[in-house]
Structures are given as structure tokens and as C-alpha cells.
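Chain by chain, the residues:
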Amino acid sequence: MSFSDRIAGWRENLRHRWMYRRGDGTQSPAGGAGGATAQGGGIGRLLGGLNRPGMGSMAKRAAIAIAVIVLLYYPIGMLVVHKVDDDIDFAPSAADTIEGGSMAVAFAAGLIEREVNENDWTANDPFFQPGVLLDNMPNFQQGLMSALARFGFELTDQLGRTRGSSEADPDLQRAAGLLQYPGNVWIWNPSVSLAPRASSESQYRDARKRLLAYNARLAKGEANYDIRADNLLATIERFAADLGSSSALIDRRVNEDAGNFFDSQSDDIFYFTKGKLYGYYMVLQGLGQDFEPVIKERNLQKPWNEMMESFRKAALLDPWLVMNGAPDAQFQPNHLAMQGFYLLRARTQLREISNILLK
């Protein structure tokens, strides 16, 4: 047999060997292609099983599709939902402002609208929403709402009453209570009750309606908003006291866990405080417009602007990764300490303004 005939015979044998593989209606030899397929591992068997007809293969395909969707749903959904909205240029919409009303109240109502309805409230997202895995945005939103809740109390106790002995405004009283509602309440929690509950969003939306109703009555002369130096003094004193509590929280975290590279709680404190500072910055912008006559009368324009600048710088801090390094570290920063510096500076300037108002 010539060499060319031998090559042709080998080629023919190989053609016949690979032509009759499993799946074409024939049975391959144990040592042939079938054995090679069996040695292909679990992936080969799985892919081969998916090509077979029947309910089993359909179930496998469905399971794989669901797994792929879940693996993509949460990370992509988190990227879509996540938004720490620290827009310093934010202003309430025309629908939230009314001539003769309070600008501070309009700012509060506008912030509720933005965080609850436009950005979506994420602090109470259930397990089937991607926001449940977010961290920074929910803490920022709850910090912002805590500032609005404090302002709601001051509206009820100071700004919205002629004197301490007068009746509290019903809309402001209701709004202050609603803003105190926890931010992590969804409509159903079987560990607490089998009955549905009021969600955080529904309570905050109701608070917004109450604030707007108060502002509408104020514009008509049917509600009180006393623009007096002592009212402004009492309000900023309460703000300063609340910021003092936040500084203590930062101090404790730095003292207890500074230098820990894998600190999973520092960013929670950082963004909660950031939200609170941002909320106060916005409310103080409105108060600056409402109490402009008092600020001019007491010659407070310069210290007021300096105080607002400190709040602005604190609210804009936004590191890519929040670090809680040792205070004297060379390479690992401490963002909580930096935030605490601007917070205490803003608090000191609030105290300076209150001292001027006392004179």
C-alpha cells in the first residue's frame, strides 16, 4: 500500500469515528467519542442536558436564567438607584413657595419631595429591591430627615407661635410628629405585626402636606410666624445642641476604632452626619431669607455668611471611600475627623451668632 493510500485510509477512519456522535441517533463506542464526552466534566453534561427536550431541561434553563437575572439585578439596580443628592444649589420649586409664606418651610417641603418622591426613599427598601444593599444613600437620607424633624419641632414650639403660652399650630404639630417617624419602616414586617403598617414614605408625604398647608394659611394671615430675634436665637441654639450630639458620636467612633482599615460603620456615621449638615444648611438658607430684617438690624450679615460657608464645606465632603485612620496617621486619612472639624466650626459660629442676638 502506498503512502498516499495510507493517509487516505486514516482520514476515512477519522471521518467515520467523529461522524457518529451522541445525539445523532447512534451509540458511540465506550472508548470513542462517548468516553471523551463523559470526560468533559459537569459543564459539558449540563450543556448537553439543556439541549435535551422535556420539562427537566426547561426547569434547568429557567433556574439558570433566574440566577443570572438575580446576579445582574442587584448590582445594576444599585448603580441606578444610588444617589447622595448633596446639591448645594437646590431650591424649592414654584409649587412649594408662596408669597407671604416661609422660605424655610418651603425648603423643608421641597427636600421631602425630592428625597421621597423624586430620588426614592431607600432606607426601608425590602429584600426584593436593589436599594436594600445600599449603605451611604439611606444614611444620608435619614440624616437629612433628622435635621428636618428638629426644624419641625422649632416651628411648632418657637417660630409658629406668638408666645410660649399660645396654642401650637395644628398643622405644624402634626408635621413635627410625622417627621419623627423612623425612616426604615416598610409597609409590612412580620417580626413586628402581621398587619400592614404606615410606611416611612407615607408619613413624610403627609408631613409635607401639613407644611404646605401651614404655609398657605400663613400667606393668608391665618397662621403665625414670628420673625423676632429671640425666636431665631432659640432655633439656632437647638441646631447647635443637635450638632454637639453629632460631634460626640464622631468622637466616640474615632476613639474606639481609628486605624481599623476594615471599618464598616464609619461610613454610616459619616453619611448620616453629612445628611444632617446638608439639611441644616438648606433650612438655614430659608431662615436667612425669612429673618433678613433681624440679620440686617443686628449687623449679622458677615458672621451669618461665614457660618453658612462652614456648613457648605461640611455638606460637600464626599470621599470615594470613607476612612477612619489614626488621627496622626501618615498615609491613611480620617474623614470623620475632617467632617468633625467643619461641624464644630459651624457649631461655634452658630454660638457666635446667638451671642450677638443676646445683646
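Residues numbered from 1 in each chain as written. Predicted model: local features only at pLDDT ≥ 70, side-chain atom pairs only at ≥ 80, totals over all residues. Heavy atoms only, no water.

Caption draft 1: Up close: the overall build of the protein chain. Broken down by element type, the protein chain carries 13 helices and 0 strands. Going from the N terminus to the C terminus, the protein chain shows its helices and strands as α-α-α-α-α-α-α-α-α-α-α-α-α. Going through the 359 residues of the protein chain one by one, you find that 42% of them count as buried. Sequence-distant contacts in the protein chain: of pairs separated by 6 or more residues, those separated by 24 or more amount to 74%. Split by element, the accessible area of the protein chain, about 19,500 Å² in all, is 57% carbon and sulfur. (Helix = DSSP H or I, 4+ residues; strand = E, 2+ residues; numbered from the N terminus. Buried < 20%, exposed > 50% of the residue type's maximum accessible area, 1.4 Å probe, protein only. Contact = heavy atoms within 4.5 Å. Areas by Shrake-Rupley, 256 points an atom, 1.4 Å probe, with all protein chains shown as cover.)

Caption draft 2: Fine view of the layout of surface pockets. Counted as a void, the second largest pocket has a volume near 180 Å³. Grouping the amino acids of the lining of the second largest pocket by side-chain chemistry returns 8 nonpolar, 4 polar and 2 charged. (1 Å grid on protein atoms, 1.4 Å probe; cavity = no way out; pocket = protein on both sides within 12 Å on 5 of 7 lines; lining within 4 Å. Points joined across faces, edges and corners; volume = space filled by probe spheres on them. Nonpolar A, V, L, I, M, F, W, Y, C, P; charged D, E, K, R; others polar.)

Caption draft 3: Main features of the nonpolar core. Core analysis: the biggest nonpolar cluster contains 72 residues, and Phe 151, Tyr 225, Tyr 278, Leu 284, Leu 287, Phe 311 and Leu 357 have the highest contact counts within it. It is helix α10 (residues 266-290) that contributes the most residues to this core, 11 residues altogether. Every residue in contact with Tyr 225, bar those within four places of it in the chain, is listed here: Ser 102, Ala 104, Leu 155, Leu 159, Tyr 214, Leu 218, Leu 287, Asp 290 and Phe 291. (Core = buried A, V, L, I, M, F, W, Y, C linked by side-chain atoms within 4.5 Å.)

Caption draft 4: Inspection of the pattern of salt bridges at higher detail. The final tally for this structure, using the stated rule, is 19 salt bridges. Here Arg 351 ties to Glu 237 by a salt bridge, and the two come within 2.2 Å at their closest N and O atoms. On the criterion of sequence distance, the pair formed by Arg 351 in helix α13 (residues 335-358) and Glu 237 in helix α9 (residues 229-257) is long-range, its members being 114 residues apart. Overall, Glu 237 belongs to the partly exposed group, its relative accessible area being 25%. (Salt bridge = Lys/Arg side-chain N within 4 Å of Asp/Glu carboxyl O.)

Caption draft 5: Main features of the side chain of Thr 235. With respect to the secondary-structure elements, Thr 235 resides in helix α9. Owing to a relative accessible area of 1%, Thr 235 belongs among the buried residues under this scheme. Once residues within four sequence positions are removed from consideration, Thr 235 is found in contact with Glu 154, Leu 159 and Leu 287.

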